[in-house]
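# Results of the structural survey
The lines below spell out each chain.
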Amino acid sequence: MKTYEAKILGTGMYAPKKVVTNVDLEKIVDTTDQWIFERTGIKERHISSTEGGEFPTDMALAATKDALVAANLQPNDIDFIIFASVTPDVKLPNSACILQVKLGITNNCACLDISVACSGFVYGLNLANSMIKTGLAKTVLVVGSEMLSRVVNWKDRNTCILFGDGCGVAIIGRAEEGSESKVLAGILNSDGTGGEFFSQPIGGAVTPTTAAHIENDEQFMQMKGKEMFKVATRTLAENGKKCLELAGLPLSAVDWVIPHQANIRIIETTANILGIEMDKVIVNIHKYGNTSAATCPIAFHEAVMEGKIKRGDLVLFDAFGAGLTAGAALIRY
Ligand code: UT7
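In short, a report on the structure. Just so it is clear, the model here is predicted, and its values are computed rather than measured. (Residues numbered from 1 in each chain as written. Predicted model: local features only at pLDDT ≥ 70, side-chain atom pairs only at ≥ 80, totals over all residues. Heavy atoms only, no water.)

## Focus on the overall build of the protein chain
To keep it simple, the criterion reads: Helix and strand definitions follow DSSP, with helices as H or I runs of at least four residues and strands as E runs of at least two, each counted in order from the N terminus. Each radius of gyration reported is based on C-alpha atoms, and the globular scaling rule is 2.2 Å times the count of residues to the power 0.38. Throughout, a contact is declared for two residues whenever any of their heavy atoms are within 4.5 Å. To be clear on the numbers: accessible area is Shrake-Rupley with a 1.4 Å probe, and residue cover counts the displayed protein chains and nothing else.
Counting its regular elements, the protein chain contains 10 helices and 13 strands. In terms of overall dimensions, the protein chain is globule-like: its C-alpha atoms have a radius of gyration of 19 Å, near the 20 Å expected for 333 residues. When the backbone C-alpha atoms are referred to their principal axes, the protein chain occupies close to 60 × 45 × 35 Å. Of the contacts made within the protein chain by residues no fewer than 6 positions apart, 76% connect residues no fewer than 24 positions apart. With the model as given, the accessible surface of the protein chain reaches about 14100 Å², and the carbon-plus-sulfur share is 54%.

## Observations concerning helix 3 (residues 56-71)
Using the following cut-off: To estimate the expected span of a helix, subtract one from its residue number and multiply by 1.5 Å. The cut-offs for exposure are 20% and 50% of the maximum accessible area for each residue type, with area from a 1.4 Å probe on protein chains only; residues under the lower value are buried, those over the upper are exposed, and the others partly exposed.
An ideal rise of 1.5 Å per residue puts 22 Å on 16 residues; helix 3 measures up with 22 Å between its terminal C-alpha atoms. Listed as buried for helix 3 are P56, T57, D58, M59, A60, L61, A63, T64, A67, L68 and A71. Turning to helix 3, the residues buried within the fold contact strand 1 (6-14), strand 4 (80-84), helix 4 (95-103), strand 6 (139-147) and strand 7 (165-174). Positive backbone phi, at 60°, marks N72, one or two positions downstream of helix 3.

## Some points on the pairing of strand 12 (residues 314-321)
Defined as follows: Strands pair, by our definition, only if DSSP identifies at least two bridges between them.
Of all 8 residues that make up strand 12, 8 are buried, and the element is covered over most of its length. Side chains L314, L316, D318 and F320 project from strand 12 onto one buried face, and the interleaved V315, F317, A319 and G321 project onto a second face that is buried too. For strand 11 (residues 256-259) and strand 12, the ladder comprises 4 bridges, and the chain directions are parallel. By the bridge assignment for strand 12, V257 is matched with L316. In this sheet, strand 13 (residues 325-332) lies alongside strand 12 in antiparallel orientation, the contact comprising 8 bridges. Bridge assignment links A319 to a residue of strand 13, and that residue is G327. Connecting the antiparallel pair strand 12 and strand 13 is a turn made up of 3 residues, with G323 showing a positive phi of about 145°.

## Considerations on empty space enclosed by the protein
The rolling of a water-molecule-sized probe over the atoms marks out the regions of remaining empty space. Rules: Lining residues are defined by having an atom within 4 Å of a point belonging to a cavity or pocket. Those points lie on a 1 Å grid over the protein atoms alone, cavities being sets where a 1.4 Å probe fits but cannot get out and pockets being open sets with protein on both sides within 12 Å along at least five of seven lines. Grid points are joined across faces, edges and corners, and a volume is the space filled by probe spheres set on the points. In this classification, Asp, Glu, Lys and Arg are treated as charged, Ala, Val, Leu, Ile, Met, Phe, Trp, Tyr, Cys and Pro as nonpolar, and every other residue, Gly included, as polar.
Evaluation of the coordinates by the stated rule reveals 2 cavities of 30 Å³ or more. Here the largest cavity defines a volume of roughly 60 Å³. It is helix 8 (residues 264-274) that provides the largest number of residues to the lining of the largest cavity, a total of 4 residues. Residues that form the lining of the largest cavity fall into these classes: 7 nonpolar, 1 polar and 1 charged. Counted as a void, the second largest cavity has a volume near 30 Å³. In this structure, the second largest cavity is lined by Q261, N284, Y288, G289, T291, A294, T295 and I298.

## Looking at a positive patch on the surface
Rule in force here: Each patch groups residues whose relative accessible area exceeds 30% and which form no salt bridge, using 9 Å between like charges and 5 Å between nonpolar side chains of Val, Leu, Ile, Met, Phe, Trp and Tyr. Any carboxyl oxygen of Asp or Glu that lies within 4 Å of a side-chain nitrogen of Lys or Arg is treated as forming a salt bridge with it. Lys and Arg are tallied as positive, Asp and Glu as negative. Neither His nor the chain termini are counted. The atoms used to mark charge sites are NZ of Lys, CZ of Arg, CG of Asp and CD of Glu.
A cluster of basic side chains, namely R39, K226, K230 and R265, defines a positive patch on the protein surface. Following the sequence through the fold, R265 ends up in helix 8. Judged by relative accessible area, R265 falls into the partly exposed class, the value being 33%.

As structure tokens, this is what we get:
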């Protein structure tokens, strides 16, 4: 069977217009700008309008339009959409199908939603690579888009200070024969035994939301921050190392690491365990907080736009999330 290489053709992002600073949060929960910044690295986050226009597929539409221009492609060139989100517009139909219509795609492309929380983009990138390799797809739109403000308990200072809304996308396509730019290696894994560390138990088939849940604010996400922190640093470092081993490349060859942006202390600890200097690590958590599946593609897109990441650079994506899910991908951009 003939196989192909995959590469990133273009990227885009969307951040909601409304910015909520730590000082704004001081007015709604018992916290301080100083505590949030020192413990998480976050200064502000973007929050979607509830009036419309900034729901997950709206943000994805705006981001994809830019990615299509960057990739010099038309919507109908996309033959597979992978939409990673834990906050889809609606439960049915899936967000990828909604986005297909918004983009005006008429080629009946395959539409897949994936629910792997903050690892969503890295899962999507690895899936896209595999599908392009085998010829199942030629041009895959990978989306990470979240409106976490809908599932955050704004009375819970343990979680509400951490999250934000936003979207990042990448169009992955077939690399020309002999191309230096390609996805070099990937790794995906999960440990379901840690599911209780970060969950939203109310609102599914087992326990549909009732008026009593809403009265007691039980319908929101719940997180055991300390447990997540420990697993995160270990998993990110292990997957980062394994991914490089798979590609047969040393850490010294890496130009940039794009870690999931959950907490600056997680990022710094991981960099320390891996043994990579922080000036090779892309950090934008101060501006967006944790946007789950959107952190990696937003960080990548911004770094490309800022001229930091250039074609030919070796880039390591590394993420973990609820599930617990995790994964890494090494690309030559
Ligand atoms: O995307 C993946 C999912 N998320 C994560 O991976 C998050 C991972 N975890 C974390 O980022 C950190 O554990 C947190 C930022 C959530 C918490 O930081 P921490 O350093 O582990 O704080 P802590 O929970 O140990 O709390 C320390 C103190 C406590 O007070 P006492 O018991 O020492 O008096 C908390 O009650 O800080 C208090 N505290 C706060 N104070 C002001 C907790 N949240 C806040 C707050 N403002 N927002």
